[in-house]
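Listed below are the residues making up each chain.
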Amino acid sequence: MRIQVRRTGGFAGIERYAEIDTAGRPDADEWQALAERALAAGQATRPAGVPDGFGYEITVDGRTVHASDPRLPDDLRALVTRVLKEGA
Amino acid sequence: MVPDMTTHGGHEPVFCTVVPPHLLDKLARSDDPAVSGPARRTLVRDSELRGRRRVTSEFRLAAAPAVRAPSDRPLRTIYDAGNRTELPGTKVRGEGDEPGRDATVNRAYAGLGATFELFLKAYGRRSIDGDGLPLDATVHYDENYGNAFWNGEQMVFGDGDGEVFLDFTLPVDVIGHELTHGVTQYTANLTYYGQPGALNESMSDVFGSLIKQYTLGQTASEADWLIGAGLLAPGVTGVALRSMKAPGTAYDDDVLGKDPQPATMEDYVRTGRDNGGVHINSGIPNHAFYLAATALGGHAWEKAGQIWYDVLTGGELSERALFRDFATLTVKAARERYGDGGDEHEAVRKAWGQVGVRTR
């Protein structure tokens, strides 16, 4: 499973991107469960945000969902945080 | 592993329309104006609709508190989110309370006060809405959160990740920048996409910088004209996030990339990312303000700031204003307030000419 996260906007206006391939990882099942919950929590198009709020684009095996601060669902936040921290 | 942090990358589908957003985004970036024009207009219009929905569904309804600040003093409340994301969090300092041990709380409190002070003393504006809106702020939002924003009702500050960004309460211009988004929302309500979006960003940088200058008592020639000085972690190669004096020179770092801001229309960046480059092309109106303010000399908030404030709040600025619309109104405002052919009129007219924005 390939999980890609792109975070845009913010006060700095600097994009940040990271991705992770769960294949062969000992925690692959955990990633898959989190990714599925995140996909269910996201929206098909980018929801209204606030000026300088982050926008998020999450793609799991080619399926993309969107979210915006300050209304980032918990499952999406958890996935975004992990991918940006552990991904490359 | 270090995550890739970049200003480049894939598209950012943003909009809800019958045309798939990724396609609209691609069209908006086409070299053919016949293709890009309609796509861009659709993007702007849709963003405007989203803005209106936000205003009606969240903003206006939520922002009608019974309590108002007295006419000449702010009414501040600082909350601590405890590194979680529920707003507003636990109240830690109210108006008039003595400073506590948390420097972040104290800086947020002082920054809200500095912003209130500039708008009141320089322009006679009573708080963000002009009607004594209480100023609430939440600090320690989320974990390692590298951002700050005005959510339509209150300020939210992250602690930064410590590697790229430090605590977002550190620069007073950042606090002023975010609160000015509130002022813009209550006044011109510039659409947060493309040129009107870049103007919205520029208003926040202009008044954010003026709040810092007012606090330090600096003249235009003494000011650093930087946005976010002190926010970058020690290892980052850069002095700030943006420079109004020399757009494009604030940072050049292997992780952050290079400051992408243009100073003139010649280098205007056409992009669908970052809401159509709102944090990029704001460099152009930012630089025009810097040029006008330094040409006039003295305290920048007194004349140049007054002219910009007149336009932001005067009711003639459209939500979808382009750079040339805004520029034309500032020339008009300078003439009306300070006289036809006066130094102010000439300085403003020349400043826009220097950044390549034509005025009518």
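Let me begin by describing the structure that accompanies this report. All values reported here derive from a predicted model rather than from experimental measurement.

Digging into the packing of aromatic side chains
The description of an aromatic ring pair rests on the distance of the ring centres and on the angle between the ring planes. Evaluation of the coordinates by the stated rule reveals 21 aromatic pairs over all chains. Both rings, one in Y141 of chain B and one in F149 of chain B, keep their centres 6.0 Å apart while their planes meet at 90 degrees; by these two values the pair is edge-to-face. Under the relative-accessibility criterion, Y141 of chain B is labelled buried at 0%. Relative accessible area serves as the criterion here: at 0%, F149 of chain B is assigned to the buried category. Look at F289 of chain B and W308 of chain B: their rings are 5.0 Å apart centre to centre, the planes differ by 80 degrees, and that puts the pair in the edge-to-face class. Taken together, the residues F289 of chain B in helix α7 (residues 283–296) and W308 of chain B in helix α8 (residues 304–313) connect sequence positions 19 residues apart. Across the pair, W308 of chain B and F289 of chain B agree in class, each one buried. Through a chain of ring-to-ring contacts, the aromatic side chains of W225, F289, Y290, W308, F326 and W352 of chain B assemble into a single cluster. Here the guanidinium or amino end of R82 of chain A rests over the ring plane of W31 of chain A, the centre of that ring lying 4.1 Å away. Against the face of Y109 of chain B rests R93 of chain B, its NZ or CZ located 3.6 Å from the ring centre.

Brief notes about the pairing of strand β1 (residues 2–9) of chain A
All names here are of chain A. The element β1 is largely enclosed, with a buried count of seven among its eight residues. Looking at chain direction, β1 and strand β2 (residues 16–21) are connected through six bridges and run antiparallel. Bridge pairing links R2 to D21 in β2. In textbook terms, the turn of a hairpin is the stretch between consecutive antiparallel strands, and for β1 and β2 this stretch comprises six residues, one of which, G10, has a positive phi near 90 degrees.

Things to note about the packing of α8 of chain B against helix α9 (residues 323–338) of chain B
Residues and elements named next belong to chain B. At a minimum axis distance of 9 Å, the contact between α8 and α9 shows a crossing angle of 115 degrees. Here the hand of the crossing between α8 and α9 comes out right-handed. Seen from α8, the contacting residues are Q306, I307, W308, D310 and V311; seen from α9, they are F326, L329, T330, A333, A334, R337 and Y338. Looking at the contact of α8 with α9 residue by residue, the class counts come to eight nonpolar, two polar and two charged.

Brief notes about the sheet that holds strand β4 (residues 135–139) of chain B
Residue and element names in this part refer to chain B. Taken in spatial order, the five strands make up an open sheet running β3-β2-β4-β6-β5, and their pairing is mixed. Of all the strands in the sheet, just β3 (90–94) and β5 (148–150) have a single pairing partner and so form its edges. In this sheet, neighbouring strand axes are inclined to one another by 20 degrees on average, regardless of whether the strands run parallel or antiparallel. Alignment of β4 against strand β6 (residues 155–157), held across two bridges, turns out to be parallel. Paired with A137 across the strands is M155, a residue of β6. With respect to the sheet, helix α4 (residues 172–186) is in contact with β4, β5 and β6, its orientation differing from that of β5 by roughly 20 degrees.

Observations concerning the pairing of strand β3 (residues 54–60) of chain A
Residue and element names in this part refer to chain A. For β3, the tally of buried residues reaches seven of seven residues, placing the bulk of the element in the interior. The alternating pattern of β3 places F54, Y56, I58 and V60 on one face and G55, E57 and T59 on the opposite face, and all of these are buried. One ladder, built from seven bridges, connects β1 with β3; its direction is antiparallel. Bridge pairing in β3 links Q4 to T59. Taken together, the six bridges between β3 and strand β4 (residues 63–68) define a ladder with antiparallel strand orientation. Note on β4: the bridge partner recorded for G55 is S68.

Some remarks on α4 of chain B
Over its 15 residues, α4 of chain B runs 21 Å from end to end, which matches the ideal 21 Å to within 8%, given 1.5 Å per residue. For α4 of chain B, the buried fraction is high: 13 of the 15 residues fall into the buried class.

With respect to helix α5 (residues 194–216) of chain B
Residues and elements named next belong to chain B. Taking 1.5 Å per residue as the helical rise, α5 with its 23 residues ought to reach 33 Å, and the 33 Å between its terminal C-alpha atoms agrees with that figure. Judged by how many residues are buried, α5 sits mostly within the fold: 20 of 23 residues are covered. Backbone geometry just after α5 places G217 at a positive phi near 65 degrees.

Notes on unusual backbone geometry
Residue P70 of chain A is bonded to the preceding D69 of chain A through a cis peptide linkage, with omega at 0 degrees. Among the secondary structure elements, P70 of chain A is positioned in the loop between β4 and α2 (74–86). Note the cis peptide between L87 of chain B and P88 of chain B, where omega equals 5 degrees. Looking at where P88 of chain B falls in the secondary structure, it is placed in the loop between β2 (76–80) and β3. With a phi close to 50 degrees, N144 of chain B is a non-glycine residue in the positive phi region. As for its placement among the helices and strands, N144 of chain B is situated in the loop between β4 and β5.

Criteria and cut-off values
- Along each chain, residues carry numbers from 1 onward, in the same order as the chain's sequence is written.
- For naming, the first written chain is A and the first written ligand is 1, with later ones following in the order written.
- For this predicted model, a pLDDT threshold of at least 70 governs which residues receive local features, and a threshold of 80 or more governs which side-chain atom pairs are given and counted, while totals over whole chains, interfaces and linings are taken from all residues.
- With hydrogens and water excluded, all non-hydrogen atoms of the structure serve as input to the side-chain values.
- Pairing of aromatic rings covers Phe, Tyr and Trp, the last counted by its six-membered ring, and requires centre-to-centre distances within 6.5 Å; plane angles under 30 degrees mean stacked, over 60 mean edge-to-face, and any other angle means tilted.
- Only protein chains enter the accessibility calculation, which uses a 1.4 Å probe; a residue whose area is less than 20% of its type maximum is buried, one above 50% is exposed, and one in between is partly exposed.
- The helix count covers DSSP runs of H or I at least four residues long, the strand count covers runs of E at least two residues long, and both are numbered beginning at the N terminus.
- Charge-over-ring contacts are defined here by two conditions on Lys NZ or Arg CZ: a distance within 6 Å of the ring centre and an angle within 35 degrees of the ring normal.
- Two strands are counted as paired when DSSP detects at least two bridges linking them.
- Axis definition: a line fitted to C-alpha atoms, over the contacting stretch in the case of helices. Angles run 0 to 180 degrees between N-to-C directions.
- Here a crossing is taken to be left-handed if its near helix is turned anticlockwise relative to the far helix by less than a right angle, and right-handed if that turn runs clockwise.
- Residues are treated as being in contact if the distance between any of their heavy atoms lies within 4.5 Å.
- Residues are sorted three ways: Asp, Glu, Lys and Arg are charged, Ala, Val, Leu, Ile, Met, Phe, Trp, Tyr, Cys and Pro are nonpolar, and all the rest, Gly among them, are polar.
- Expected span of a helix, by definition, is 1.5 Å for each gap between consecutive residues, and there is one gap fewer than residues.

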